[in-house]
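Here's the letter readout for the chains.
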Amino acid sequence: MTRELVGIGIVSGSAPGVAIGRAHLLGASELDIPQYQIERKDVLHEVARLNNAFSIVRAELDELRGQVAPDAPGEVVAFLDLHRMILDDSHLCDTPRDLVRSKLINAEWALSMQLEEVCRQFESIDDEYLRERSQDVRQVVDRVMKALAHGKPQTAVAVPKVAEGERLILVARDMAPADVLHLKDRADLDVAGFVTELGGPTSHTAILARSLGLPAVLGVAGAREAVREGDLVVIDAEAGRLHIVPEAGALGEFRQRLRAQTEARAQLRRLKGRIARTRDGVPLELMANIELPGDVRDALEAGADGIGLFRTEFLFMNRDRLPDEDEQFEAYAKVARAMKGKPVVIRTLDIGADKVLNEAARLSLGIAQGAPTVESNPALGLRAIRYCLAYPELFLTQLRAILRASAVGTVRILVPMLAHVHEVEQALAFVARAREQLKERKQKFDGRVPVGGMIEVPAAALSMPAFVKRMKFFSLGTNDLIQYTLAIDRADSSVAHLYDHLHPAVLHLIARTIRVGMRARTPVAVCGEMAGEVELAELLLGMGLRQYSMHPSQLLTVKERLMTLSTKSAAKLAARVLRADDPMDVRRALERALARQQAA
Ligand code: PEP
Ligand code: MG
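The structure presented is a predicted model; accordingly, all values stated were derived computationally and were not measured.

### Let's talk about the site of ligand 1
- Ligand 1 sits among 15 residues. The nearest are Arg311, Arg347, Gly477, Asn479 and Arg490.
- One of the side-chain N or O atoms of Arg347 is found 2.8 Å from an oxygen atom in ligand 1.
- Here an oxygen atom of ligand 1 and a side-chain polar atom of Arg383 are 3.4 Å apart.
- In isolation ligand 1 has 290 Å² of accessible area, and contact with the protein removes 98% of it.
- Ranked by residues supplied to the shell around ligand 1, first place goes to helix 19 (residues 478-486) with three residues.
- Of the residues assigned to the shell around ligand 1, the class counts are three nonpolar, four polar and eight charged.

### Focus: helix 10 (residues 248-269)
- For helix 10, which comprises 22 residues, the first-to-last C-alpha distance of 31 Å matches the rise-based estimate of 32 Å (1.5 Å per residue) to within 8%.
- Along helix 10, the residues classified as buried are Leu251, Phe254, Gln261 and Leu268. The arc that holds every buried residue of helix 10, seen down its axis, measures 120°, which confines them to one face. Across from the buried face of helix 10, at angles greater than 90 degrees, the exposed residues are Ala248, Gln256, Arg259 and Glu263.
- Against the buried residues of helix 10 lie strand 3 (18-25), strand 7 (232-236), strand 8 (241-244) and helix 22 (552-562).

### Here we look at the pattern of salt bridges
- Going through the model one piece at a time under the given rule, you end up with 42 salt bridges.
- Among the ionic pairs, Glu325 bridges to Arg404, the shortest N-O distance being 2.8 Å. Here the residue Glu325 occupies a position in helix 12 (residues 325-338), and Arg404 occupies one in helix 15 (residues 392-405), the gap between them amounting to 79 residues.
- Salt bridges sharing partners connect three or more residues here, namely Glu313, Arg347, Asp350, Lys355, Arg383, Asp480 and Arg490.

### Some points on the packing of helix 15 against helix 16 (residues 421-440)
- One way to put it is that helix 15 packs onto helix 16 with a least axis distance of 9 Å and a crossing angle of 65°. Of the two elements, helix 15 crosses helix 16, and the hand of that crossing is right-handed. Taking contact as the criterion, the partners of Pro392, Phe395, Leu396, Leu399, Arg400, Leu403 and Arg404 in helix 15 are, on helix 16, Ala427, Phe430, Val431, Arg433, Ala434, Arg435, Gln437 and Leu438.

### Thoughts on the coordination of the magnesium ion (ligand 2)
- Those protein atoms acting as donors to the magnesium ion (ligand 2) are Glu456 (OE) and Asp480 (OD), and they sit at 2.0 to 2.2 Å. One end of the pair, Glu456, is in the loop between strand 13 (451-455) and helix 17 (458-462); the other, Asp480, is in helix 19, with 24 residues separating them in the sequence.
- The exposure class assigned to Asp480 is buried, which follows from its relative accessible area of 3%.

### Focus: the state of the cysteines
- The tally for this structure, following the rule as stated, stands at zero disulfides.
- Of all cysteine sulfurs, the one in Cys93 lies closest to Cys119, which takes part in no disulfide; the gap is 16 Å.
- Looking at Cys119, the relative accessible area reads 0%, which means it is buried.

### What about the sheet that holds strand 4 (residues 168-172)?
- Strand order in the open sheet made by the eight strands is 1-8-7-3-4-5-6-2, with mixed pairing throughout. Since the sheet does not close on itself, it has two edges, and those belong to strand 1 (3-6) and strand 2 (8-10), each with one partner. Ignoring which end each strand starts from, the neighbouring axes of this sheet average 30° apart.
- Relative to strand 5 (residues 191-196), strand 4 runs parallel, the two sharing five bridges. Among the inter-strand pairings, Ala172 is bridged to a residue of strand 5, identified as Thr196.
- Most of the contacts of helix 10 go to strand 3, to which it runs at about 120°, and overall it touches strand 3, strand 7 and strand 8.

### Examining the sheet that holds strand 14 (residues 474-476)
- One closed barrel accounts for eight strands, arranged 9-10-11-12-13-14-15-16; its pairing is parallel. Ignoring which end each strand starts from, the neighbouring axes of this sheet average 30° apart.

### A short note on helix 4 (residues 95-103)
- When we look at burial in helix 4, the residues that qualify are Pro96, Leu99 and Val100. Taken down its axis, helix 4 places every buried residue within 100° of arc, on the same side.
- As for helix 4, its buried residues are in contact with helix 1 (43-67), helix 3 (90-93) and helix 5 (107-123).
- Following helix 4 by one or two positions, Leu104 has its phi on the positive side, about 50°.

### Some remarks on the packing of aromatic side chains
- Tallying each qualifying case throughout the model produces three aromatic pairs.
- With a centroid separation of 5.8 Å and 85° between ring planes, the pair formed by Phe310 and Tyr332 is classed as edge-to-face. Of this pair, Phe310 sits in strand 10 (residues 307-311) while Tyr332 sits in helix 12, and the two are 22 residues apart along the sequence. Comparing Phe310 with Tyr332 shows no difference in burial state: the two are buried.
- Seen from their ring centres, Phe395 and Phe430 are 5.3 Å apart, and the 55° between their planes marks the pair as tilted. You can see Phe395 sitting in helix 15 and its partner Phe430 sitting in helix 16, a full 35 residues away along the chain.
- A residue is classified by how much of its surface remains accessible, and Phe395, at 0% relative accessible area, is buried.

### What about the pairing of strand 7?
- Burial runs high along strand 7: five of the five residues are buried.
- Side chains of strand 7 alternate between two faces, with Leu232, Val234 and Asp236 and Val233 and Ile235 buried alike.
- Where strand 3 meets strand 7, five bridges bridge the pair, whose relative direction is antiparallel. Looking at strand 7, one finds that Ile20 is bridged to Val234.
- Pairing geometry for strand 7 and strand 8, over four bridges, is antiparallel.

The rules behind the values
Within each chain, residues carry numbers counting from 1 in the order of the written sequence. Note on labels: chains are lettered from A, ligands numbered from 1, in written order. Totals for whole chains, interfaces and linings use all residues, but because this is a predicted model, local features are given only for residues with pLDDT of at least 70 and pairs of side-chain atoms are given and counted only at 80 or more. In computing side-chain properties, one takes all heavy atoms of the structure into account and sets aside hydrogens as well as water. Proximity is defined per residue: any heavy atom of the residue falling within 4 Å of a molecule or strand makes that residue near it. For this analysis, a polar contact is any N or O atom pair within 3.5 Å, provided that within protein one partner can donate a hydrogen and the other can accept it, and provided that sequence-adjacent residues contribute only side-chain to side-chain pairs. Computed with the Shrake-Rupley method and a 1.4 Å probe, the accessible areas treat only the protein chains shown as cover for residues. Working definition: helices are DSSP H or I runs of at least four residues, strands are E runs of at least two. Numbering for both runs from the N terminus. Think of it as three bins: nonpolar holds Ala, Val, Leu, Ile, Met, Phe, Trp, Tyr, Cys and Pro, charged holds Asp, Glu, Lys and Arg, and polar takes everything else, Gly as well. Here the expected span of a helix is defined as 1.5 Å times the quantity of residues minus one. Each residue gets one of three labels from its accessible area relative to the maximum for its type: buried under 20%, exposed over 50%, partly exposed in between, using a 1.4 Å probe on protein chains only. Each direction from the helix axis to a C-beta atom contributes to the arc, which is the arc of those directions. Working rule for contacts: check all heavy atoms of both residues, and any pair within 4.5 Å makes them a contact. A carboxyl oxygen of Asp or Glu within 4 Å of a side-chain nitrogen of Lys or Arg is what we treat as a salt bridge. A fitted line through C-alpha atoms serves as each axis, taken over the contacting stretch for helices, and the angle formed by two N-to-C directions is quoted from 0 to 180°. With the far helix as reference, a near helix turned anticlockwise by less than a right angle produces a left-handed crossing, and one turned clockwise produces a right-handed crossing. Ligating atoms shown are N, O and S within 2.8 Å of the metal, or 3.2 Å for Na, K and Ca, and water is not included, meaning a site may look less than complete. In this description, the term disulfide denotes a pair of cysteine sulfurs within 2.5 Å. Strands pair, by our definition, only if DSSP identifies at least two bridges between them. Centre distance within 6.5 Å is the pairing criterion for rings of Phe, Tyr and Trp, where only the six-membered ring of Trp is used; planes under 30 degrees apart are then read as stacked, over 60 as edge-to-face, and the remainder as tilted.

Okay, structure coming up:
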């Protein structure tokens, strides 16, 4: 009988959202934990067991780390390193030894007692990302428990029997990064996706699933009870559902969907190496937005013409110590090198509003302890360039790191949230100061690194004639431009229905920004979400846009669309749309244009 369980679907941009295969249940990771009192004479023996188990897991993780393929996603190495760090944390490796001695309990009991204490501390943290790290601690302790139980590494997974051409869907309580790697690297296993009972949308398991291109459904309560070894199962990651032994009709539909998705993706991949131009031969630049250096792999896979937006704030968040100049340089240089001369637009720190620094990191900047993390109007507060100008050392450190990265690739500096000409001038003065400092230190950098500004505040869009005299390029941050034009907090769900990118006021500001840029021969890109929306590709083209920057997963779809369009008919569409009074009229005009093209 077919059954259906619900969880959190994880779809990777480069993989289909459906996976079909035979279920393989991974053994219960929570072993029965033996708990007993010991005699004082046995203390040394129990401590030695603990030491031995920790050494086994250390060696196991080091070995795995050494085997990671050079082209493996950066996250894989990062997670193995994190697990190695957790393993060496004295709270985890020293305190259980003390507990054995003081409470006269066996090694497993001491370790589980300390695990619960550490997890309690994690779980009381307000930040969702950090809270989920308790899962990493559990995964590490799980490995140590297994080593305690068996006295040797437990990495081998029995290979289930599957018919020729059949793939596997792994079903587990939880999957540690090390488990995922083991399974992914086994030549005798063809893993199509996985299902776990634990794990949320920001868990490492989710991040790994995305980076390895495997569809997954996480947080499926009772999955291991409901699924039997060898059952035919379907993962529908788009809907966040696991179908167990689906009926023939439903299975046929899933197979069809999988075929269509695989075919559509293969079709799109063919576009990867093609130069982007419109049907009438106008060249375009399609760039990728990234958040961490590891994302550059997705950008390359999508054949991006460059990185149009590197949101650097993610290097600064969720940590207590801010990255120093060298750490930042390494991150920027990694991306610049990987892009092999293609442009990399590095945005200076856009911290503030919904992107906050940890309390300890804020303390290191001299921000008073207990100062509110979120002011009463965070989106209108100290954010982005305002924040950087308020903390000059923070800004200068980042600028020096970005400039140094220009010695190994083609780098551009992009300044967010500008509203005033004096902010533009101050930002440029800081860049000049950072250049001087590097010269004094005799450090290498490209003296011609262009500095551009983000247009994401209506005041900036209307100040373009003054801005173009001072900056070399611009990028429209439409996510914020919409929020500030329509007075809608992007993070407030109660007004989300009013956040409308087709509002004529927003469209006029975009069109005007592009027009002023074109007249001054200063490039203007769009790097907000609007650039990646395929339905808007023609409208933006018609406004004169030639540079689009978007999430790598959208790039080939937008490219495919743009390559079928002509700039002349796009310009006519834009002119029509810009006469509309209301978002509904805009929508109708876009739909009519699409229907006409489909009919033709
Ligand atoms: C934007 O505002 O459109 C943008 C790209 O920046 P972010 O989404 O990071 O604020
Ligand atoms: Mg923005």
